[in-house]
Amino acid sequence: MKLSVRGVSFAYDGAFALEQVDLEARPGEVLALTGPNGAGKTTLLRVMSGALAPCQGTAYLDALDVAALKPLQIARRLSVLEQEKPFSFDFCAQEVVSWGRLAHRRRWGRWSDKDQRAVQRALELTQTQAFAGRVLRTLSGGERQRVFLALALAQEPEALLLDEPTLHLDLNHQLQLLDFIRGLARDGLTVVMALHDLNLAARYADRVAVLRQGRLAAYGLPADVLTERRIQEVWGVRVRVLADRQRLWILT
Amino acid sequence: MHSGAARWMFLALALLVLLGLGAGVAIGPVMIPLDQLVDILFKGWGAEDKPAFAQIVHGLRVPRALTAALVGWALAVSGAVMQGVFQNPLASPYVLGIASGASAGAALVIALGLQGSLGGFALAIGAFVGGAVVVWVVQHLARLRSGPVRTDTLILAGVALGALFSAVTTLLIFLSGEQLKAIVLWIMGGLGRSSWSYLTWLAPVVVAGTALLLPYARQMNALALGETGVRHLGVDSKRLHRVLLGVVTLMTASAVAVAGTIGFVGLIVPHALRLLMGPDHRLLLPACALGGAAFLMTCDTLARTAWAPLELPVGVLTAMVGAPFFLLLLLRRQGRGGL
């Protein structure tokens, strides 16, 4: 499924958080949204997911206007992993993951084998079966993040929006998680994620979009977008960018 | 919670309900010998040597125990749903002003002498309208500002409206003249008015209401993710709130119409059961139905007999039994955090 925004603007209490943004992410592609704090990454993700309605322009799932869809219609095709998630509740991981099936069930319908399989598969993919019966509160940050990823996958989405998925994870878990997400894209999922870490964006994204003050400052291949000059312009930081044919290293 | 452990909990709760029912029927100011009690219960109104006993059992004690069970059930389930909907441990039919609104509605019905031939049913309608007004106003107040609804705003609005409607009730009492005694007696609460005719509509409302709520249990669980969180799962939280609060208002209003204001049940029972069984509404709601029923039947039996022949208002007992128990559970719980 293609995700796109056309001419999208959004204002919080009169102050523009997004202005005239055009972007698209195709199936099998990882798009990284990056930019300084307050550049509008989270707002853009919220517009794309339908949680916020843009004041101008349109967000699309394929050719459908997101703002005109019901939450249920969106949730059947699109999963969202938000940055801030409550963790103080006493539900076990398996129950949390099963909420991914709410979008696929008729209200009076019973829990079907298909639901059961989807939950099981999501637990297996994210390697969370081992603590499926444990209460979320007792899990580490990395384990919890994987549970929420499993919840997103149990929805069996065609696209995945992630807001800073590596936040609070150690280096090893950051790489594991992004490798995994990369693998999902290889299987045909459309992935859009907000990432602060430019090295991770360079390593894992097919395309990078740089936002600055709500405007799209650059969009394209990582090597074309993440240049020393642009990083200096947008972030105000002097860096060295090293590149070989496969990789990009941004050194501060 | 482990499904085996859950089974034991339900068994224990069912046992408590049966014990409560048994005590409610067996115990009272008039001592009825056990063999005669069994006779009366299983042979109906038959012409025993003591028709007065049959009258007491079938006309008074059985309907009263059943009414206590249904009122406790309705209040406990309503409390559990509200705590889930508002994601706030303080939420209960009383804190949110629904019960005050319902009381004011019912008091208005009495004050205007509208009871007529409908009797208790008119009270229930008045109570429902009063409760629904509170829910409607609270919801709309909270939505006047854009953005996600803050549940603490809802609770504060509920508290304010509850105070307003309590004042309205007091005003009605003040102005009501000859109906004064009827309103005051009704406000004091209690299950003294229980009768089969109340049960004919209380039972269907409470049972059907609970049956309507159960299919939403998993969605209620998911509300722990917050308003945008559940939206991403395809749950329309505004619609969910409307459905759940509508049903809960109806159940609370029916309970209030029969028994007046009985506090604490909707707060203590769900919390106690949540501490024991965890937050899963699929288990919690049925457990609250049983727990609320057992709790209020027991309290009512105590209220009838402790100071016999005087009858204590049952609300006094629910608070006196409930509050220390609740504090004990809180102490055990301290440091674990969470709803």
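Residues numbered from 1 in each chain as written. Chains lettered and ligands numbered in written order. Predicted model: local features only at pLDDT ≥ 70, side-chain atom pairs only at ≥ 80, totals over all residues.

K.L.:
What is the right way to look at the sheet that holds strand β3 (residues 30–34) of chain A in this model?
P.N.:
Sheet strands associate in pairs through backbone hydrogen bonding, adopting either a parallel or an antiparallel arrangement. All names here are of chain A. Ordered by their spatial adjacency, six strands build an open sheet running β6-β7-β8-β3-β9-β10, and the pairing between neighbours is mixed. Since the sheet does not close on itself, it has two edges, and those belong to β6 (78–81) and β10 (215–220), each with one partner. Each strand of the sheet is rotated relative to its neighbour by a mean of 15 degrees, with strand direction disregarded. Across the sheet, helix α6 (residues 171–186) touches β3, β7 (159–163) and β8 (190–194), and the angle it forms with β8 is around 150 degrees. (Pairing = 2+ DSSP bridges. Helix = DSSP H or I, 4+ residues; strand = E, 2+ residues; numbered from the N terminus. Axes fitted to C-alpha atoms, helices over the stretch in contact; angles between N-to-C directions. Contact = placed C-beta atoms within 7 Å.)

K.L.:
Teacher, can you tell me more about the confidence of the model for chain B here?
P.N.:
Interpretation of the predicted coordinates at a detailed level should be avoided for regions scoring low in pLDDT. Summing up the model confidence of chain B, the mean pLDDT is 85 and the portion of residues at 70 or higher is 91%. Prediction confidence for the complex, expressed as pTM and ipTM, is 0.89 and 0.90 respectively. (pLDDT = per-residue confidence, 0-100.)

K.L.:
Explain the domain arrangement of chain A here, please?
P.N.:
Many analyses report the size of an interface as the accessible area lost when the parts associate. Residues and elements named next belong to chain A. Entries for chain A in the domain assignment read domain 1 (3–77 + 157–251) and domain 2 (86–156). For domain 1 versus domain 2, the separation of C-alpha centres amounts to 25 Å. Across the contact, ten residues belong to domain 1 and eight residues belong to domain 2. Among the elements of the structure, α2 (71–75) and α6 are those that each provide at least two residues to the side of domain 1 that touches domain 2. (Domains from an automatic or database assignment.)

K.L.:
Would you mind going over unusual backbone geometry with me for this structure?
P.N.:
Apart from glycine, the bulk of residues carry a negative phi angle, and the bulk of peptide bonds sit in the trans form. Residues and elements named next belong to chain A. Positive phi, close to 50 degrees, is recorded for Gln-127, a residue that is not glycine. Looking at the secondary structure, you find Gln-127 in the loop between α4 (113–125) and α5 (141–154). With a phi angle near 50 degrees, Glu-164 is a residue other than glycine that sits in the positive phi range. Residue placement: Glu-164 occurs in the loop between β7 and α6.

K.L.:
Looking at this model, I keep getting lost on the packing of helix α3 (residues 51–86) of chain B against helix α11 (residues 237–259) of chain B. Mind explaining?
P.N.:
Any two packed helices are characterised by how steeply their axes cross, that is the angle between the axes, and by the distance between the axes. All names here are of chain B. Two elements in contact, α3 and α11, have axes whose closest approach is 9 Å; the angle formed by their N-to-C orientations is 150 degrees. Taken together, the axes of α3 and α11 lie roughly antiparallel to each other. Every pair of crossing elements has a handedness; the one defined by α3 and α11 is left-handed. Of the residues in α11, those in contact with Thr-67, Val-71, Ala-74, Leu-75, Val-77, Ser-78, Val-81, Met-82 and Val-85 of α3 are His-241, Leu-244, Leu-245, Val-248, Met-251, Thr-252, Ser-254, Ala-255, Val-258 and Ala-259. Its residues placed into classes, the contact of α3 with α11 shows 14 nonpolar, five polar and no charged. (Parallel < 35°, antiparallel > 145°, perpendicular 65-115°, else oblique. Left-handed = near helix turned anticlockwise from the far one by under 90°. Nonpolar A, V, L, I, M, F, W, Y, C, P; charged D, E, K, R; others polar.)

K.L.:
Just to check I follow, could you spell out the sheet that holds strand β4 (residues 56–61) of chain A for this structure?
P.N.:
Residues and elements named next belong to chain A. A sheet is described by the order of its strands in space; here four strands give the open sequence β2-β1-β4-β5, paired in antiparallel fashion. Each edge of the sheet is formed by a strand with only one pairing partner; in this case those strands are β2 (15–25) and β5 (64–65). In the sheet, strand β1 (residues 3–12) pairs with β4 via five bridges, with the strands oriented antiparallel. Residue pairing for β4: Val-5 is matched across the bridge by Ala-59. Contacting β1, β2 and β4, helix α1 (residues 41–49) crosses the sheet at an angle of about 120 degrees to β1.

K.L.:
Even after reading the chapter, I still don't get the pairing of β3(A), so can you show me in this structure?
P.N.:
Every other side chain in a regular strand lies on the same face of the sheet, so the side chains alternate between the two faces. Residue and element names in this part refer to chain A. Taking burial as the measure, the five residues of β3 include five buried ones, the bulk of the element. Here β3 shows a buried face lined by Val-30, Ala-32 and Thr-34 and a second buried face lined by Leu-31 and Leu-33. Taken together, the four bridges between β3 and β8 define a ladder with parallel strand orientation. Bridge pairing in β8 places Ala-32 opposite Met-193. Note that β3 and strand β9 (residues 207–212) share four bridges and pair parallel. Looking at β9, one finds that Leu-33 is bridged to Ala-209. (Buried ≥ 20, exposed ≤ 12 C-beta atoms within 10 Å, placed from the backbone.)

K.L.:
Which parts of the structure should I look at to understand the environment of A:Leu23?
P.N.:
All names here are of chain A. Take Leu-23: it is sitting in strand β2. Residue classification places Leu-23 among the buried residues on the basis of 20 C-beta atoms within 10 Å. For the pair Leu-23 and Arg-105, spaced 82 residues apart in sequence, the C-alpha to C-alpha distance is 32 Å. Apart from the residues within four sequence positions on either side, Leu-23 is in contact with Ser-4, Val-5, Ala-209, Leu-216 and Tyr-219.

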